[in-house]
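Structural features, examined
Chain residues, written in single-letter form:
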Amino acid sequence: MRWLKIITRYVFGALFVAAGANHFRNPGFYVSIMPPYLPWHLELVYISGVTEIALGVLLMIPQTSTVAAWGLIALLIAVVPANAHMALHTDDYPRFSPALIYARLPLQVILIAWAYWYTRKEIERS
């Protein structure tokens, strides 16, 4: 199972690098889904993009993967209020299907659990 964890760690890290890069390729999309109660929408989009890229890269480095996984958990928890805001105000986001908006909340839980897996050390089997 160790090989599966290594491979998926690279996949998970690459997903965050790609998602973070997308914050710079398409910042308008991310600004459009920012809850109105948050300040500095564009700046927060760029900060979260840099954070996703950095943590994704750090996850792929064995020496930093545990701290990166905890950072990703913190990041994923930090965006839950924005996802909840969207779920509570689907009419404000007519470009998106309500089902897709609602699906983001359980997806956050899955991503947090996935990141948590990388905080756990593999048990040596004899």
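Described in the following lines is the structure provided in the data block. (Residues numbered from 1 in each chain as written. Predicted model: local features only at pLDDT ≥ 70, side-chain atom pairs only at ≥ 80, totals over all residues. Heavy atoms only, no water.)

1. Considerations on the overall build of the protein chain
Of regular secondary structure, the protein chain possesses six helices and zero strands. Along its sequence from the N terminus, the protein chain presents helices and strands in the succession α-α-α-α-α-α. Dimensions of the protein chain along its principal axes, counting C-alpha atoms only, are 55 × 25 × 20 Å. If you take every contact in the protein chain between residues at least 6 apart in sequence, the share linking residues at least 24 apart comes to 66%. For the protein chain, the centre of its 9 positive side-chain charges and the centre of its 6 negative side-chain charges are spaced 12 Å apart. (Helix = DSSP H or I, 4+ residues; strand = E, 2+ residues; numbered from the N terminus. Contact = heavy atoms within 4.5 Å. Lys, Arg positive; Asp, Glu negative; His and termini not counted. Charge placed at Lys NZ, Arg CZ, Asp CG, Glu CD.)

2. Things to note about the environment of Trp114
Within the secondary structure layout, Trp114 lies in helix H6 (residues 98-117). Separated by 42 residues in sequence, Trp114 and Leu72 have C-alpha atoms that sit 9.9 Å apart. Among residues more than four places away in sequence, those in contact with Trp114 are Thr8, Phe12 and Leu15.

3. Some details on unusual backbone geometry
For Trp40, which is not glycine, the phi dihedral falls at a positive 50 degrees. With relative accessibility at 61%, the residue Trp40 sits in the exposed group. (Buried < 20%, exposed > 50% of the residue type's maximum accessible area, 1.4 Å probe, protein only.)

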